[in-house]
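Residue-level structure breakdown
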Amino acid sequence: MDFGFRCPVILCLTLAVLASVLADLDDTLMGAPGSSVRLSENDPGLKKALKFAEDRYNMGSNTMHVRRVSKILSASKQLVKGIRYNIMVELSNTQCKKAARLMTCDFYPEEHNLKTEVCVFEVWDIPWERKSTLLKQKCQPAVDPKPVETNKVEFLSLSTSKPVEETEYLVELLGQFKEFMVRYNRTYSSKKDTERRLRIFHENLKTAEKLQSLDLGTAEYGVTKFSDLTEEEFRTLYLNPLLSQQKFQRSMKPAAMTHGPAPPSWDWREHGAVSPVKNQGMCGSCWAFSVTGNIEGQWFVKTGKLVSLSEQELVDCDTVDQACGGGLPSNAYEAIEKLGGLETETDYSYTGKKQSCDFTTDKVTAYINSSVELSKDENGDIYLSNPTCFSLVVCPQFYRKGVSHPLKIFCNPWMIDHAVLLVGYGERQGKPFWAIKNSWGEDYGEQGYYYLYRGSRLCGINKMCSSAIVN
């Protein structure tokens with residue numbers, strides 16, 4: 001990926017420049033997923049969260065008068081499959097009694113009647129579900145209440161992190177960033193853009209550290225080829241927003257259940273049914289790679305021949321899905337049936353962008369007869385027939401290796417945004433896992449694979465499982 005012409009500016013960035021960049025990091029309002037970002041009093045989301053917290057407080061308290069926020073002491077948010085607000089405020093009595101239900105409630109003018117409390121609230125807001133949850137409420141009387149200034153908001157730092165050892169930290173950060181640029185061949189268009197990418201890189205390092213500290217498996221998180229991208233950029237370039245939208249999904253008939261005990265482990269790679277890891281590039285075509293991977297496996301099971309099939313054919317010729325803008329496996333199966341089959345990767349090579357359909361039936365190498373939806377039970381035997389096309393919520397922007405077991409708050413199963421290929425299952429160091437073939441190249445994860453904890457229905461792994469049928 002190239003962000004512009006080659007610029008040697010990073011090679012001569014001084015510690016003074018880096019110090020100024022990092023000094024500004026705490027003041028930015030743009031944060032990576034999982035990192036804490038301080039908020040302005042005018043932030044619309046903060047206002048909504050405060051109103052929700054106020055309402056929940058008043059519903060649960062046994063006080064006679066309605067209490068409102070009289071001062072914001074600190075406020076921050078984290079992006080965690082929604083927005084988690086961490087707020088410290090002062091709550092004070094108003095002159096409205098709860099039973100009165102008045103629209104306007106003024107504070108008492110007398111300080112002794114305010115009965116001010118200091119409260120800490122944690123509110124988790126999921127805007128797309130129109131759902132808010134009060135995760136935490138802890139209040140105590142203000143020790144030394146001061147006159148209330150209703151027209152002024154003060155922010156105090158809640159950070160408990162130690163001051164940065166400037167020189168050592170900056171040198172280490174610069175070294176990591178330079179190593180990242182060399183390894184992944186990054187170039188930026190200007191000094192300003194380089195500094196911006198450094199900011200993002202720094203925030204992503206903190207996010208990876210948080211994921212590492214909270215992971216329940218054996219996964220390692222850290223610097224990856226996506227470490228200079230914001231969450232929004234990553235989602236736009238590599239993920240598939242259509243997967244979570246039910247209205248676009250075509251209903252599929254259920255697969256027949258398999259019978260008999262499943263072996264303790266299974267890996268279709270060991271049986272020759274899985275082609276090498278591919279790379280979708282900066283195109284949201286994961287749906288096409290997932291489907292072709294499934295059909296490659298099905299074709300191998302039926303014919304004994306492993307053939308790499310064309311994703312570009314689907315990107316160009318599937319008129320229902322949206323090419324690099326996302327798509328659904330269920331639609332792709334139907335498109336393949338209508339087209340008459342798939343050409344090989346060699347005959348119809350991948351470009352990573354939509355172009356005119358160049359499909360010809362003379363070059364069809366593999367076909368399907370139908371497609372089915374697999375069971376939502378997370379049992380190994382249902383996946384034994386072939387490598388399985390399925391969709392999940394992507395947590396692993398910073399995944400490097402090991403069995404990933406993220407907290408569910410980081411991996412909401414209702415926000416499915418990536419289609420991949422399940423090729424096996426087993427156990428490592430006592431951790432059961434699913435082996436997942438991704439489409440981000442061999443320089444991602446473990447040679448292109450992601451290993452997800454098996455048995456807890458994590459990340460929506462059991463929500464959208466499907467397979468083609470070859471008779």
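Residues numbered from 1 in each chain as written. Predicted model: local features only at pLDDT ≥ 70, side-chain atom pairs only at ≥ 80, totals over all residues. Heavy atoms only, no water.

Overview of the overall build of the protein chain
Note the threshold: In this text, helices come from DSSP runs of H or I with a minimum length of four residues, and strands from runs of E with a minimum of two, each type numbered from the N-terminal end. Relative accessible area decides the class of each residue, using a 1.4 Å probe on protein chains only: under 20% of the type maximum gives buried, over 50% gives exposed, and in between gives partly exposed. Residue contacts are defined here by distance: any two heavy atoms, one from each residue, within 4.5 Å place the two residues in contact. Computed with a 1.4 Å probe, the accessible areas rest on the Shrake-Rupley method; for each residue, only the protein chains presented here act as cover.
Each helix and strand in the protein chain was counted, giving nine helices and 15 strands. For the protein chain, with 471 residues in total, the buried portion stands at 52%. Of the contacts formed within the protein chain by residues at least 6 apart in sequence, a portion of 75% connects residues at least 24 apart. Accessible area for the protein chain stands at about 22,700 Å²; split by element, carbon and sulfur atoms hold 52% of it.

A closer look at the pairing of strand 14 (residues 449-453)
What counts, and what does not: Paired strands are those between which DSSP finds at least two bridges.
Among the five residues of strand 14, five are classified as buried, and the element is accordingly described as predominantly covered. Alternating positions in strand 14 separate into two faces, Tyr-449, Tyr-451 and Tyr-453 on one and Tyr-450 and Leu-452 on the other, with burial throughout. Where strand 11 (residues 403-404) and strand 14 come together, two bridges link them in parallel fashion. Considered in strand 14, the bridge of Val-403 is made with Tyr-451. Note: strand 13 (residues 431-437) against strand 14, five bridges, orientation antiparallel. Of the residues in strand 14, the one forming a bridge with Ile-436 is Tyr-450.

Re the state of the cysteines
For clarity, the threshold we go by: Two cysteine sulfur atoms form a disulfide, by the criterion used here, when they sit within 2.5 Å.
Across all of its chains, the model carries four disulfides by this definition. Two residues share a disulfide in this structure: Cys-283 and Cys-324, whose sulfurs sit 2.0 Å from each other. Residues Cys-283 and Cys-324 are joined through a disulfide that is left-handed, its torsion about the S-S bond being -95°. Remark: Cys-324 occurs in the loop between helix 8 (312-317) and helix 9 (329-339) and Cys-283 occurs in the loop between strand 7 (266-267) and helix 7 (286-303); sequence separation between them is 41 residues. Residue Cys-286 stays outside any disulfide, its sulfur separated by 9.0 Å from that of Cys-283, the closest cysteine. Residue Cys-286 is classed as buried on the basis of its relative accessible area of 0%.

A short note on the sheet that holds strand 4 (residues 117-126)
Formally: Note on geometry: axes are lines fitted to C-alpha atoms, helical ones only across the stretch in contact, with angles between N-to-C directions running from 0 to 180 degrees.
Judged by pairing direction, the sheet is antiparallel, and its five strands sit side by side in the order 1-2-3-4-5 without closing on themselves. Each edge of the open sheet carries a strand with a single partner, namely strand 1 (37-38) and strand 5 (131-141). The sheet contact formed by strand 2 (residues 65-79) and strand 3 (residues 83-97) spans 12 bridges and is antiparallel. When the sheet's bridge partners are listed, Ser-74 is paired in strand 3 with Met-88. Strands strand 2, strand 3, strand 4 and strand 5 of the sheet are contacted by helix 2 (residues 44-60), whose axis makes an angle of about 135° with strand 2.

Brief notes about the side chain of Glu-296
Formally: As used in this structure description, the phrase polar contact means that two N or O atoms lie within 3.5 Å; if the pair is within protein, one of them must be able to donate a hydrogen and the other to accept it, and residues adjacent in sequence are counted only when both atoms belong to side chains.
With respect to the helices and strands, the residue Glu-296 is situated in helix 7. Classification of Glu-296 as buried rests on a relative accessible area of 2%. Among the polar contacts made by the side chain of Glu-296, one reaches the main-chain amide nitrogen of Leu-309 at a distance of 2.8 Å. Those residues in contact with Glu-296, other than ones at most four positions away along the chain, are Ala-273, Ser-275, Lys-278, Leu-306, Val-307, Ser-308, Leu-309, Glu-311 and Lys-437.

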